[in-house]
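Given next are the chains, with one letter for each unit.
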Amino acid sequence: MKKNDLKKFKTLLTEKRDEIIKKAKQTLEEDMTLDANDLPDEMDLASSEYLQSFTFRLRGREKAFLDKINKALAKIEDGSFGVCEECGEEISLKRLEARPETNLCIRCKEDQERMEKDYS
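Fair warning: this is a prediction, and the values are worked out from it, not measured in the lab. Here the residue index of a chain counts from 1 through its sequence in written order. Given that this is a predicted model, residues contribute local features only at a pLDDT of at least 70 and side-chain atom pairs are listed and counted only at 80 or more, while totals for whole chains, interfaces and linings are drawn from all residues. Each side-chain value is derived from all of the structure's non-hydrogen atoms; neither hydrogens nor water enter the calculation.

Trainee: Tell me about the confidence of the model for the protein chain, residues and numbers included.
Mentor: Chain-level statistics for the protein chain give a pLDDT mean of 87 and a share of 91% at 70 or above. On a scale of 0 to 100, pLDDT captures the predictor's confidence in every residue. Counting from the N terminus, the helices are DSSP H or I runs at least four residues long and the strands are E runs at least two residues long. By mean pLDDT, helix 2 (residues 42–78) is the weakest element of the protein chain at 85, and helix 3 (residues 93–98) is the strongest at 95.

Trainee: I'd like a description of the UniProt feature "zinc finger region: dksA C4-type" (unreviewed entry) in the protein chain, backed by residues and values.
Mentor: The sites that UniProt annotates as "zinc finger region: dksA C4-type" (unreviewed entry) are residues 84–108. Here residues 84–108 runs as 36% helix and 0% strand, with 8 Å between its end C-alpha atoms. UniProt positions are given in the numbering used here, feature names are shortened, and annotations may be inferred rather than shown by experiment.

Trainee: Tell me what's going on with the nonpolar core, and back it up with residues and numbers.
Mentor: The set of buried Ala, Val, Leu, Ile, Met, Phe, Trp, Tyr and Cys residues whose side-chain atoms join them within 4.5 Å is what this entry labels a nonpolar core. Whether a residue is buried, partly exposed or exposed follows from its accessible area with a 1.4 Å probe, protein chains only, as a fraction of its type maximum: under 20%, in between, or over 50%, in that order. Membership of the largest hydrophobic core comes to 15 residues, with the highest contact counts inside it found for Leu 13, Ile 76, Phe 81 and Cys 84. Going through the elements one at a time, helix 1 (3–31) and helix 2 are the ones with two or more residues in this core. The leading source of residues in this core is helix 2, at five residues. Apart from residues no more than four positions distant in its own chain, Cys 84 is found in contact with Glu 89, Ile 91, Asn 103, Leu 104, Cys 105 and Cys 108. When checking whether two residues touch, look at their non-hydrogen atoms; a contact exists if any pair is within 4.5 Å.

Trainee: Explain the pattern of salt bridges residue by residue, including any values.
Mentor: Each salt bridge in this description consists of a side-chain nitrogen of Lys or Arg and a carboxyl oxygen of Asp or Glu lying within 4 Å of one another. The full count for this structure, using the stated rule, is ten salt bridges. Note that Lys 23 and Glu 62 form a salt bridge whose closest N and O atoms lie 4.0 Å from each other. Here the residue Lys 23 occupies a position in helix 1, and Glu 62 occupies one in helix 2, the gap between them amounting to 39 residues. Taking relative accessible area as the criterion, Glu 62 reaches 16% and is therefore assigned buried. Linked through salt bridges whose partners overlap, the residues forming this network are Lys 16, Arg 99 and Glu 101.

Trainee: Before we move on, could you go through the layout of surface pockets and cite the residues and values that matter?
Mentor: The rule is simple: put a 1 Å grid over the protein atoms alone, call a set of points where a 1.4 Å probe fits but cannot get out a cavity, call an open set with protein on both sides within 12 Å along at least five of seven lines a pocket, and count a residue as lining if it has an atom within 4 Å of a point. Grid points are joined across faces, edges and corners, and a volume is the space filled by probe spheres set on the points. In this model, the largest pocket occupies a volume close to 330 Å³. Forming the boundary of the largest pocket are 14 residues, of which Lys 68, Glu 101, Thr 102, Asn 103 and Leu 104 lie nearest the centre. Breaking the lining of the largest pocket down by element, the ones donating at least two residues are helix 2 and helix 4 (106–119). Ranked by residues supplied to the lining of the largest pocket, first place goes to helix 2 with four residues. All residues other than Ala, Val, Leu, Ile, Met, Phe, Trp, Tyr, Cys, Pro, Asp, Glu, Lys and Arg, Gly among them, are scored as polar; the first ten of these are nonpolar and the last four charged. Of the residues assigned to the lining of the largest pocket, the class counts are two nonpolar, three polar and nine charged.

See below:
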């Protein structure tokens, strides 16, 4: 892979990582507190608890996404970025542009999804 492409993907992944961290900090600072005194009735309290729970689930998913981003950044550093972990083939540039954090080529990803569908 060309150095320009690696630099572009590194910048893109770093921006994604920074955005996730920013959202996580915002959640900790603003969304962690739920004061029952600010909510006039049980319905408002239940609604706020639901929204808080939903926000935390989203942040949990973002944590998994953050792990993938960090792995992709590490692969850029060690020179293995853009190589499928399953078959060892190069991942197409189009796929990497769509999902730069991916670790599988499109063929192996489709195989993985078929297996998951068959066993679910």
